[in-house]
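Descriptive structure summary
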Amino acid sequence: MTSDSRTRKGKTEGYDGLVARLDTARGAARAAIEQAGSAAALEEVRVRFLGRSGELTQVLRGLGQVDAALRPELGRIANEVRAGVEGHLTARGLRLDAVELSRRLEAERVDITLPGTTPRRGTYHPVSLAMADVERVFTSMGFEVAEGPDIETDWYNFQALNMPRDHPARDMQASFYFTADVVLRTQTSPVQIRYMRANTPALPVKIIAPGRVYRCDDDATHSPVFHQVEGLVVDRGITMGDLKGVLDVFARELFGPTTRTRFRPSYFPFTEPSAEVDVSCTICGGSGCRTCKNSGWIEILGAGLVHPQVLRNGGYDPEVVSGFAFGLGIERVAMLRYGIADIRLLYGGDVRFLRQFRPAGEGRAQA
Ligand code: FA5
């Protein structure tokens, strides 16, 4: 055997050998792919055959020793084998994904027929209920709802309402001041001034102004934060009779058709004349009980005819128009309606207390 024929034979055997190895690798890859039971196992198979030192890659490296004339054919076969293995890997991967998906669907199955966790339904706060009732009664009488800021200037909260800085009536409303000129409003009465100034000379003025107010108070019937509803009517020829008529309707609508009202002379710097208004006791009907301290009456609001200077401060001429105003404490209304003895219960945040209250029509329980 010549050295030349040895070389040729070697190359020829190299070709056949490589084809055989490719064939074996193809078969082995196919079997390994079919056996791989997970994505991780499949990846191992890919590395084993197609990785940098994988079996197919090794075969392709041997290509250089093969006769140049045979290389293209061998290359074609090698690429075909490689593409075949890749195709198998992809197909098996998809099947494994599908198996994995159905396994997870089974394992993480949600039984939609099980009863869900019902979110607990809250209830309206008794102050919100009382506020809504009061607003309903007045808006049904044609009152508009107006609003003003909680943080007020001293001028709107006091001075424009006839309470200059040194006025003794300020002592009745212990106040939270930010500065000498800025205060947490102690009453909803400043909305009277704001509304009149924004709307003058329009007539009639017929508003209620509900809102939060603040005073340095804290006992069984006084809270540092509480709510009032202001009422203001301004027009030509408004009298005390109009005030009485409106408040009579209001009291009967809110506390029941047999409710009576009583006006007692009083004093507010911004009304003249002024009155405290009582309603016949909602608990005993007027015969006397603990709630009304045996008087048969319960005070619910302050009221009066708007002072001429207040009308002027609001931009209206007291020679031409007159008006009435009132201010109602909402916590007081809620306590009367629901028989709540201590105002602090309203702000304790105790859900056992709060969940007793339902709006009218939803079965209201007594506190
Ligand atoms: C006033 O605030 C006047 N602005 C009412 C007014 C308006 C009179 C318009 C005339 C014309 P008074 O300080 O009395 O008035 O408060 C009115 C109501 O607020 C009281 O009847 C009471 O029900 C309620 N109130 C007062 N202070 C507190 C408090 N600290 N906690 C809960 N309610 C209170």
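Given the structure is predicted, the values throughout are model-derived calculations rather than measurements.

Reading the values: rules and limits
Residues numbered from 1 in each chain as written. Predicted model: local features only at pLDDT ≥ 70, side-chain atom pairs only at ≥ 80, totals over all residues. Buried ≥ 20, exposed ≤ 12 C-beta atoms within 10 Å, placed from the backbone. Helix = DSSP H or I, 4+ residues; strand = E, 2+ residues; numbered from the N terminus. Pairing = 2+ DSSP bridges. Domains from an automatic or database assignment. Near = placed C-beta within 6 Å. Core = buried A, V, L, I, M, F, W, Y, C linked by C-beta atoms within 7 Å. Contact = placed C-beta atoms within 7 Å. Axes fitted to C-alpha atoms, helices over the stretch in contact; angles between N-to-C directions.

Here we take up the pairing of strand β5 (residues 205-214). Most of β5 is tucked away: eight of the 10 residues are buried. With two bridges connecting them, strand β1 (residues 144-145) and β5 associate as parallel partners. By the bridge assignment, glutamate 144 is partnered in β5 with isoleucine 207. Looking at chain direction, β5 and strand β6 (residues 225-235) are connected through 10 bridges and run antiparallel. Paired with tyrosine 214 across the strands is valine 225, a residue of β6.

Moving on to the domain arrangement of the protein. Size of an interface: often given as the accessible area lost when the parts come together. Each assigned domain of the protein is listed with its residue range as follows: domain 1 (3-107) and domain 2 (126-354). Computed over C-alpha atoms, the centres of domain 1 and domain 2 are 91 Å apart.

This paragraph deals with the site of the ligand. Among the 23 residues in the neighbourhood of the ligand, the closest are listed as Asp217, His222, Gly302, Gly327 and Gly329. Going through the elements one at a time, β6, β9 (297-306), β10 (322-329) and α10 (330-338) are the ones with two or more residues in the shell around the ligand.

Membership of the largest hydrophobic core comes to 57 residues, with the highest contact counts inside it found for Val134, Val234, Ala303 and Ile330. At seven residues, helix α8 (residues 240-255) tops the list of elements feeding residues into this core. Those residues within four positions of isoleucine 330 in sequence are excluded, and the remaining contacts are Val127, Ala130, Met131, Val134, His227, Gln228 and Val229. Counting residues in each nonpolar core, the second largest holds 18 residues, with Ile33, Val45, Leu56 and Leu74 among its members.

This brings us to the sheet that holds strand β4 (residues 182-184). Ordered by their spatial adjacency, three strands build an open sheet running β2-β4-β3, and the pairing between neighbours is antiparallel. Of all the strands in the sheet, the pair left with one neighbour each is β2 (151-153) and β3 (177-179). Going from strand to strand, the sheet's axes swing by 30° on average, the running direction of each strand aside. Relative to β4, β2 runs antiparallel, the two being bridged by three bridges. Its bridge partner lying in β4, glutamate 152 is registered against valine 183.

Attention now moves to the pairing of β10. With eight of eight residues buried, β10 is to be regarded as a mostly interior element. Neither face of β10 is open: one carries Ser322, Phe324, Phe326 and Leu328, the other Gly323, Ala325, Gly327 and Gly329, and all of them are buried. Pairing geometry for β6 and β10, over eight bridges, is antiparallel. Looking at the pairing, glutamine 228 lines up with glycine 329 of β10. Bridge count for β9 against β10 is five bridges, and the pairing is antiparallel. Opposite leucine 305, over in β10, you have phenylalanine 324 as the bridge partner.

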